[in-house]
Amino acid sequence: WVSPIFKSPMADLGYDVSDFESINNLFGNMEDFKELMKAVREKGLRILMDFVPNHTSNEHDWFKRSVRNETPYKDYYIWKNGRSQPDGSVLPPNNWLSLFGGSGWTFVPERGQYYYHQFSVKQPDLDFRNPKVREEMYDVLKYWLDLGVDGFRMDAVKHLMEDSSFNDETYINPLGNRMSYLNMYHNLTTDWHETYDLIYEWRQFLDNYASNSTDTHTRIMLTEAYSSPYYLMLYYGNGTNTGAHSPFNFFLLQLSHESNATVYENLILEWIDNMPDDSWPNWVIGNHDNHRVATRLGEDMVDAMAMLSMLLPGTSVTYQGEELGQPDTLIRRDQIKDPNNNGMGVLDVRDPQRGPFLWNDSENAGFTSRKKPWEPIHPSYWK
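Definitions and limits used
Residues numbered from 1 in each chain as written. Predicted model: local features only at pLDDT ≥ 70, side-chain atom pairs only at ≥ 80, totals over all residues. Heavy atoms only, no water. Salt bridge = Lys/Arg side-chain N within 4 Å of Asp/Glu carboxyl O. Buried < 20%, exposed > 50% of the residue type's maximum accessible area, 1.4 Å probe, protein only. Pairing = 2+ DSSP bridges. Helix = DSSP H or I, 4+ residues; strand = E, 2+ residues; numbered from the N terminus. Core = buried A, V, L, I, M, F, W, Y, C linked by side-chain atoms within 4.5 Å. Contact = heavy atoms within 4.5 Å. Phe/Tyr/Trp six-rings, centres within 6.5 Å; stacked < 30°, edge-to-face > 60°.

Student: What is the right way to read the pattern of salt bridges from this model?
Tutor: Between side chains of opposite charge, a pair can form as their charged atoms come close. Per the counting criterion, the structure on display carries 19 salt bridges. Residue R153 is joined to D155 by a salt bridge in which the shortest nitrogen-to-oxygen separation is 2.9 Å. Both residues of the pair, R153 and D155, count as buried. Linked by salt bridges that have partners in common, D12, D289, R350 and R354 make up one network.

Student: Looking at this structure, I do not really get the sheet that holds strand β11 (residues 246-247). What am I missing?
Tutor: The strands making up a sheet associate through backbone hydrogen bonding, with each pair oriented either parallel or antiparallel. Pairing is parallel in the open sheet, where 4 strands are placed in the order β3-β9-β10-β11. What marks the edges here is a single partner per strand, and that holds for β3 (49-51) and β11. By the bridge criterion, 4 bridges tie strand β9 (residues 151-154) to strand β10 (residues 220-223) in an arrangement that is parallel. Residue pairing in the sheet places R153 in a bridge with L222 of β10.

Student: I keep staring at the nonpolar core and nothing clicks. Help me out?
Tutor: One finds F33, F128, W144, F152 and W202 to be the most contacted residues of the largest nonpolar core, which totals 77 residues. Tallying contributions element by element places helix α4 (residues 193-211) first for this core, with 8 residues. If near-sequence neighbours (up to four positions away) are discounted, F128 is found in contact with P53, N54, V133, R134, M137, L160, M161, L198 and W202. In this structure, L97, F100, F119 and A156 belong to the second largest nonpolar core, which totals 8 residues.

Student: Teacher, can you tell me more about the packing of aromatic side chains here?
Tutor: The description of an aromatic ring pair uses the distance of the two centres, along with the angle that the planes make with each other. This structure, assessed with the given rule, holds 30 aromatic pairs. Taking the centre distance of 6.2 Å and the plane angle of 65° together, the rings of F6 and F20 count as edge-to-face. Here F20 lies in strand β2 (residues 19-23) and F6 lies in strand β1 (residues 6-7), a separation of 14 residues in the sequence. As far as the burial class goes, F6 and F20 line up, both buried. Taken together, the ring pairs connect F6, F20, F33, W62, Y73, Y76, Y143 and W144 into an aromatic cluster.

Structural data, given as structure tokens:
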């Protein structure tokens, strides 16, 4: 699975896409990507792309045209008028917040309205109630499938749809910090029931594509959401419709130095016991948003966690570097590349776990031939 390599201004390190059908020249070009796919095929492997459907970059041509109220793009995003106050001031349409801090609404004077963004102000949310947006995203999926991609990891899917009433969300503690994402029930902006219909549609699209291709192998669909077991299991399907082949299982990311065997067992059974019949589990012990196993649990737990994820029934998902026991990279404040913190008011940058892969014991760990890599190399590379 390749993290986003689409054209992007990198306001969220590639998760702010300005063109879904172009390669970011920071990584190369389309010919380089085709060369990668050819090499992957020769090794008997498959390749998955990161599909980022919830939002685009504010530098995407769709958004620029939407700001100008051009047809058909004017309704591609979620635009709302502000709330006029008796004193003549105008407030955002409601109290919805951004995961990256502050209001989830940003005013655009040119259009005279607010647009909604669950993430950065530079990542306006698409409106999937608009059938034209759905068609655009089908076209994006088909574009990469036609190039030979074998499936997708669907990013941030629990944020895809929101309540159409746009009512205020409820505070957990009305007397607490009203600008804290953690002090709010997000039942109107996450895990919305229409989200699953969209997931089921995309699964059907992938299945139809495979069945109509000369190469009929499965085009796999993985979904990313941090939710409760009830909501996560809906991504598998609802009995009538088939959903993701496997929603990512992040339960083991809750483990810490203090977790005993009972905690491990409970987290494993929480997935197995809630999973629908005939479904396929998976086990994630690290990813690009969480500290590495060696740092989070200790270097002595690296092999144990790798074995655990391999021996449990289902698929083992390995984030690059975890198989080496690579620790978090040491990052000074002036070396931080991630412009956002870890969201939800957590003052914890994500750079340490995104450090360069330690390929070998040569200069820059064999990661790059350039004098300076994009982030510091962990000093343990020599061993």
